[in-house]
Amino acid sequence: MSVAATRRLTTAQALVRFLAAQYTERDGARHRLIAGTWGIFGHGNVAGLGQALVEYREAMPYHQGRNEQAMVHAAVGHARQLNRLSAQAVTTSIGPGATNLVTGAALATVNRLPVLLLPGDYFASHAADPLLQQLEHPVEADVSVNDALRPVSRYFDRITRPEALLASALKAMRVLTDPAETGAVTLALPQDVQAEAYDWPEEFFADRIWRVRRPAPDPAELAEAVQAIRSAARPLIVAGGGVHHSEAEGALRTLVDATGIPVASTQAGKGALRHDHPADLGGIGHTGTAVSDELARTADLVIGVGTRYSDFTTASGTLFQHPDVRFLNLNITAFDAHKLAAGTLVCDARAGLTALAEALPGHRVDAAYETEYRAGKARWEETVEAVFRADDGAVPTQTQVLGALDAVVGDEDVVINAAGSLPGDLHKLWRARSPRQYHLEYGYSCMGYEIPAALGVQQAAPGTPVWALVGDGTYLMNPTEIVTAVQENLPVKLVLVQNHGYASIGGLSESVGAERFGTDYRHRVADGSFTGAPLPVDLAANAASLGMDVLRAKTVRELREALTTARAATRPTCVYVETAPARTALPAEAWWDVPVAEVSGREAATGARKAYERAVADRRHHL
């Protein structure tokens with residue numbers, strides 16, 4: 001009997017070699033599954049994974065980060081840009097390095113995006129106990145800070161013996177590559193186990209292909225879906241991020257061209273149709289367009305494609321008001337497909353949309369319905385033109401900043417944002433020219449996502465102009481990866497909008513009776529409020545100090561010129577603009593439930609409560 005070949009490596013070395021041999025394949029196209037590893041080294045991973053990454057630096061690219069949360073954001077941006085077919089790993093030390101991963105892991109899992117987390121952990125042998133940064137639990141000796149990653153991970157394991165990696169590594173790859181399961185995956189790595197040697201089977205290091213499936217719809221479900229569409233007078237498609245992940249934009253367009261069914265999009269789904277397609281109505285929900293929300297209120301069939309129906313999309317259960325409204329959800333995840341008591345098509349988005357188009361020959365919505373929504377789209381375009389319009393010599397408003405950027409970008413550019421007041425303006429106003437252009441992280445709406453995500457997108461799409469749009473509040477949360485962009489010579493473009501505080505939450509605060517308290521970046525005055533002069537911070541100087549080229553723009557004309565220069569730049573470049581103080585955001589076209597104080601001695605809160613009670617009365621439970 002022949003003896004199986006083995007290779008003696010440390011656990012960390014074996015893991016790096018294994019990861020370098022993993023691939024995905026969909027539609028005949030192959031991608032490297034783990035394209036690189038982000039890392040910050042400390043005593044919990046430097047002698048294990050750190051040494052292994054040096055040993056195999058030609059097989060596994062390494063990227064040096066500055067903040068652990070930011071490294072996860074960069075990996076998530078990379079995975080989203082590549083439609084979840086390629087991911088990156090992130091390694092940290094034990095202690096604060098590991099706990100800094102939690103926010104990024106939650107963001108990845110909420111958004112159904114793959115990232116592999118490799119934090120260091122305590123000694124499995126407990127030989128050094130407690131070691132530096134170890135959390136001691138008085139009755140559970142196997143608990144570490146990495147257990148905080150369990151609820152935000154789709155798969156979690158602590159590798160307490162080298163041979164345990166053999167099974168766990170394969171399970172981790174399965175979750176990363178399964179479109180219905182994917183999210184953050186955590187393999188916690190005790191320090192002593194990382195450095196421990198083992199005789200690994202050679203077959204563990206063989207190239208392995210993980211085929212990303214396109215499950216077809218069940219015939220019975222498909223028949224019911226076709227019947228629902230044929231019987232609907234006012235159908236509306238809600239396109240979510242699953243359209244992009246499945247690369248189903250062409251299949252959606254084919255269905256829409258044949259049937260005339262209009263399309264509204266979530267933040268993740270925007271760009272599923274090009275903005276100038278006659279059936280594209282723009283964003284839906286609290287931050288949606290007037291035409292989308294008007295049609296949503298009267299739709300008798302809502303066809304959700306790849307959406308998880310967040311409260312922003314449904315206007316907290318108040319948007320879909322037709323007395324007989326029904327839902328049909330096409331989603332690869334049964335958990336999401338069954339929301340709102342919907343009829344279901346549990347399948348791949350492209351496969352399901354293609355099957356629907358083939359099963360609906362000759363079917364088309366009534367001509368009057370098409371005329372109605374096209375007229376609404378035209379009216380909304382006039383609104384967009386009006387808020388984008390600006391005098392060359394004027395100090396721009398935030399919406400005019402977007403108008404200037406709209407005039408500069410090309411179809412291939414990627415525009416990234418996540419939190420603050422910009423997502424609302426972008427969802428309403430941005431004219432998405434291609435499937436990958438509009439990159440909004442709004443599942444977790446995490447301040448500080450944009451700059452590191454831009455790095456991940458730039459790595460995934462070299463040569464593509466990548467823009468990170470941030471306000472001053474978001475910038476102050478997480479500017480650290482500017483240094484990484486400079487080090488790696490990633491020519492990301494940062495548009496830094498200075499509006500002296502949390503503009504979005506300030507507006508929300510005013511609407512719910514909290515009187516904008518604590519939302520402006522201003523000096524504190526005698527009564528304890530922050531209503532004094534703006535803080536004398538110079539964020540442009542800060543960006544320059546971190547290595548960026550900085551262009552300051554004071555007028556609309558200077559802004560357009562700076563954006564044009566930045567787009568052509570080959571180095572990381574920041575366009576800094578202070579916006580006009582006038583509040584110019586368009587009003588919300590649908591409600592969002594933020595509970596208001598039921599009792600208060602202040603008039604602002606009591607008035608807000610009355611408005612809240614009127615709005616919440618429209619909530620429906622779709623059963």
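The structure under discussion appears in the preceding block.
Quantities reported herein were computed from a predicted structural model and do not represent experimental measurements.

Colleague: Is there a simple way to explain the overall build of the chain in this structure?
Modeller: What the chain contains, in helices and strands, is 24 helices and 23 strands. Taken over the C-alpha trace, the chain has a radius of gyration of 25 Å; the compact-globule value for 623 residues is 25 Å, and the two agree within 12%. Overall, the C-alpha framework of the chain stretches about 75 × 70 × 55 Å when taken along its three principal axes. Here the chain holds 623 residues, and the buried ones make up 57% of them.

Colleague: Can you walk me through helix 16 (residues 398-408) in this structure?
Modeller: Since the α-helix packs 3.6 residues into each turn, any two residues three or four apart lie on the same face. Most of helix 16 is tucked away: ten of the eleven residues are buried. Here helix 16 has its buried residues at Gln398, Thr399, Gln400, Val401, Leu402, Gly403, Ala404, Leu405, Asp406 and Val408.

Colleague: Help me understand the side chain of His363 in this model?
Modeller: Positionally, His363 belongs in the loop between helix 14 (349-359) and helix 15 (367-388). When near neighbours in sequence (up to four residues on either side) are disregarded, His363 contacts Ile229, Arg230, Ala258 and Thr259.

Colleague: When you look at the sheet that holds strand 13 (residues 263-265) in this model, what are you seeing that I'm missing?
Modeller: Paired through backbone hydrogen bonds, the strands of a sheet run either parallel or antiparallel to each other. In spatial order, the strands read 14-13-12-15-16-17; together these six strands make up an open sheet with parallel pairing. With partners counted over all chains shown, the strands left at the sheet margins are strand 14 (280-283) and strand 17 (343-346), one partner each. For this sheet, the mean inter-axis angle between neighbouring strands, taken without regard to orientation, is 20°. Here strand 12 (residues 235-239) pairs with strand 13 via three bridges, running parallel.

Colleague: Got a minute to help me understand the pairing of strand 4 (residues 34-39) in this structure?
Modeller: Remember that side chains alternate between the two faces of the sheet whenever the strand is regular. Among the six residues in strand 4, five count as buried, and that is most of the element. For strand 4 and strand 6 (residues 87-92), the ladder comprises four bridges, and the chain directions are parallel. Residue pairing across strands places Thr37 opposite Ala89, the latter belonging to strand 6. Pairing between strand 4 and strand 5 (residues 62-64): three bridges, direction parallel. If you follow Trp38 over to strand 5, its bridge partner there is His63.

Colleague: What should I look at first to understand empty space enclosed by the protein in this one?
Modeller: To find leftover empty space, one rolls a probe the size of a water molecule over the atoms. For the structure shown, the criterion picks out two cavities of 30 Å³ or more. In this structure, the largest cavity encloses a volume near 640 Å³. Counting only elements with at least two residues in the lining of the largest cavity, the list comes to helix 6 (164-177), helix 9 (241-245), helix 12 (311-314) and strand 16 (326-331). With four residues, helix 9 is the single largest residue contributor to the lining of the largest cavity. Residues belonging to the lining of the largest cavity are distributed by class as follows: 16 nonpolar, 21 polar and nine charged.

Colleague: Explain the state of the cysteines to me, please; I cannot follow it from the model alone.
Modeller: In protein chemistry, a disulfide is the covalent bond that joins the sulfur atoms of two cysteines. Evaluation of the coordinates by the stated rule reveals zero disulfides. Between Cys574, a free cysteine, and Cys446, which holds the nearest cysteine sulfur, the sulfur-to-sulfur gap is 20 Å.

Colleague: Which parts of the structure should I look at to understand the side chain of Arg158?
Modeller: The residue Arg158 is located in strand 8 (residues 155-158) in this model. A polar atom in the side chain of Arg158 sits 2.9 Å from the side chain of Asp147. In this view, Arg158 contacts Asp121, Tyr122, Asp142, Ser144, Asn146, Asp147, Arg150, Ala188 and Pro190; residues no more than four positions away in its chain are not counted.

Colleague: Which parts of the structure should I look at to understand the sheet that holds strand 11 (residues 208-211)?
Modeller: One open sheet holds the three strands; their spatial order is 3-2-11, and the pairing between them is mixed. If you trace the sheet from one side to the other, it starts and ends with strand 3 (29-32) and strand 11, each paired once. Each adjacent strand pair in this sheet contributes to an overall mean axis angle of 30°, direction not counted. As paired elements, strand 2 (residues 22-26) and strand 11 share four bridges and run parallel to each other. Within strand 11, the residue paired with Glu25 across the bridge is Arg211. Against the sheet, helix 1 (residues 11-20) makes contact with strand 2, strand 3 and strand 11, and its axis sits at roughly 25° relative to strand 2, the strand it touches most.

Colleague: Explanation requested: the pattern of salt bridges in the structure shown.
Modeller: A pair can form between side chains of opposite charge whenever their charged atoms are brought close. One pass over the full model with this rule turns up 37 salt bridges. With a shortest N-O distance of 3.2 Å, Arg30 and Glu25 are connected by a salt bridge. We classify Glu25 as buried; its relative accessible area is 16%. A network of salt bridges, in which partner residues are shared, links Glu381, Glu385, Asp406, Arg431 and Arg433.

Colleague: Got a minute to help me understand helix 5 (residues 101-110) in this structure?
Modeller: Within helix 5, seven of the ten residues are buried, which leaves it mostly tucked inside the rest of the structure. Buried within helix 5 are the following residues: Leu101, Gly104, Ala105, Ala106, Leu107, Ala108 and Thr109. Contacts from the buried residues of helix 5 go to helix 3 (68-81), strand 6, helix 4 (96-99), strand 7 (115-121) and strand 9 (184-190). After helix 5 finishes, the residue Arg112 shows a positive phi value of roughly 60°.

Colleague: What is the right way to look at the pairing of strand 21 (residues 493-498) in this model?
Modeller: Extensive coverage of strand 21 is indicated by the burial of six of its six residues. Side-chain alternation along strand 21 places Lys493, Val495 and Val497 on one buried face and Leu494, Leu496 and Gln498 on a second face that is also buried. As paired elements, strand 20 (residues 466-471) and strand 21 share five bridges and run parallel to each other. Bridged to Gly471 within strand 21 is Val497.

Colleague: I tried to follow the environment of Ala359 on my own but got confused; where do I start?
Modeller: Its place among the elements puts Ala359 in helix 14. With 134 residues separating them along the chain, Ala359 and Ala225 place their C-alpha atoms 9.7 Å apart. Setting aside chain neighbours within four positions, we find Ala359 in contact with Val226 and Arg230.

Colleague: Would you take a moment to explain the environment of Leu301 for this structure?
Modeller: Position of Leu301 among the secondary structure elements: in strand 15 (residues 301-305). Of the residues examined, Leu301 reaches a relative accessible area of 1% and is grouped as buried. Beyond its immediate stretch of four places on either side in the chain, Leu301 contacts Ala228, Ile229, Ala232, Arg234, Pro235, Leu236, Arg326, Phe327 and Leu328.

Colleague: Even after reading the chapter, I still don't get unusual backbone geometry, so can you show me in this structure?
Modeller: For residues that are not glycine, phi is negative in most cases, and the peptide bond is trans in most cases. Residue Pro130 follows Asp129 across a cis peptide bond; omega there is 0°. Note on placement: Pro130 falls in the loop between strand 7 and strand 8. Positive phi outside glycine occurs at Asn83, with the angle close to 55°. Even without glycine at this site, Arg516 takes up a positive phi of about 60°. If you trace the backbone, Arg516 turns up in the loop between helix 21 (503-511) and helix 22 (539-545).

Calculation notes
- Residues numbered from 1 in each chain as written.
- Predicted model: local features only at pLDDT ≥ 70, side-chain atom pairs only at ≥ 80, totals over all residues.
- Heavy atoms only, no water.
- Helix = DSSP H or I, 4+ residues; strand = E, 2+ residues; numbered from the N terminus.
- Rg over C-alpha atoms; globule rule 2.2 N^0.38 Å.
- Buried < 20%, exposed > 50% of the residue type's maximum accessible area, 1.4 Å probe, protein only.
- Contact = heavy atoms within 4.5 Å.
- Pairing = 2+ DSSP bridges.
- Axes fitted to C-alpha atoms, helices over the stretch in contact; angles between N-to-C directions.
- 1 Å grid on protein atoms, 1.4 Å probe; cavity = no way out; pocket = protein on both sides within 12 Å on 5 of 7 lines; lining within 4 Å.
- Points joined across faces, edges and corners; volume = space filled by probe spheres on them.
- Nonpolar A, V, L, I, M, F, W, Y, C, P; charged D, E, K, R; others polar.
- Disulfide = S-S within 2.5 Å.
- Polar contact = N/O pair within 3.5 Å; in protein donor to acceptor, adjacent residues only side chain to side chain.
- Salt bridge = Lys/Arg side-chain N within 4 Å of Asp/Glu carboxyl O.

By themselves these figures say nothing about function.
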